[in-house]
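Read off the chains here:
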Amino acid sequence: EVQLVESGGGVVQPGGSLRLSCAASGFIFEDFAMHWVRQAPGKGLEWVSLISGDGGTTYYADSVKGRFTISRDISENSLYLQMNSLRTEDSALYYCTKDAGGSRPLDYWGQGTLVTVSS
Amino acid sequence: DIQMTQSPSTLSASVGGRVSITCRASQTISNWLAWYQQKPGKAPKLLIYKASSLESGVPSRFSGSGSGTEFTLTISSLQPDDFATYYCQQYNSYSGYTFGQGTKLEIK
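Note that this is a predicted model, so its numbers are computed, not measured.

Rules of the game
Residues numbered from 1 in each chain as written. Chains lettered and ligands numbered in written order. Predicted model: local features only at pLDDT ≥ 70, side-chain atom pairs only at ≥ 80, totals over all residues. Heavy atoms only, no water. Pairing = 2+ DSSP bridges. Helix = DSSP H or I, 4+ residues; strand = E, 2+ residues; numbered from the N terminus. Axes fitted to C-alpha atoms, helices over the stretch in contact; angles between N-to-C directions.

**What about the sheet that holds strand β7 (residues 68-73) of chain A?**
Residue and element names in this part refer to chain A.
Part 1 of the argument: Read across the open sheet, the 4 strands follow the order β1-β3-β8-β7; overall the sheet is antiparallel. On the outer flanks of this sheet lie β1 (3-7) and β7, each paired with one strand and no other. Averaged over all pairs of adjacent strands, the angle between their axes in this sheet comes to 15 degrees, without regard to strand direction.
Part 2 of the argument: Pairing analysis gives 6 bridges linking β7 to strand β8 (residues 78-83), with the strands arranged antiparallel.

Rendered as structure tokens:
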């Protein structure tokens, strides 16, 4: 059974940093790209970033480019999101998601970890 | 970046009814279009991929159509469990997997 469990969320001041983690299990981690998707309270879904299976390719939404860094540790079956220079508009529930590969997009989602940026 | 525009933002319908939600892409995405359902407090669930392919386990009353820049999700014979928020998403390229702004389906 595929499981994605996020952690690392919390309250941080504007300009601060936070590192999110996602523990993956139930599939061959290095075979699949992984993504972060966020959702501000009461708002829609926003794609944030993706990383290829081998970790060699990464992409970011314009809204986080230059501030966020996605990474993965294949030995630990873990996905990370380092978030720097945080802004109030980064406050959201952050989901770790698995890319299905082939012709299908995001097939498994974690339950999310909440990030609140506030002074 | 590719922008996705969904309409309407809110939709009211009755159990047993039929509804359609439209999603337009700012540039052609072939058929790299997915639809997700999200219920309050839950993660989204994949319903349709490649514009018209039904994800395993999803009821056949859900269907998708379209290609290029215009796409439609249709739900026929609405069930109480179908009242939720629906999102389209383009995955045309690794440069970004943009979502539409969502359509909330409410019970009339």
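Don't stop here, the text continues.
**What about unusual backbone geometry?**
Part 1 of the argument: Of note, the bond from Ser7(B) into Pro8(B) is cis; its omega dihedral lies within 30 degrees of zero at -5 degrees.
Part 2 of the argument: Following the sequence through the fold, Pro8(B) ends up in the loop between β1 (4-7) and β2 (10-13).
Part 3 of the argument: Phi is positive for Ser85(A), which is not a glycine, with a value near 50 degrees.
Part 4 of the argument: Mapped onto the elements of the fold, Ser85(A) is located in the loop between β8 and β9 (92-101).

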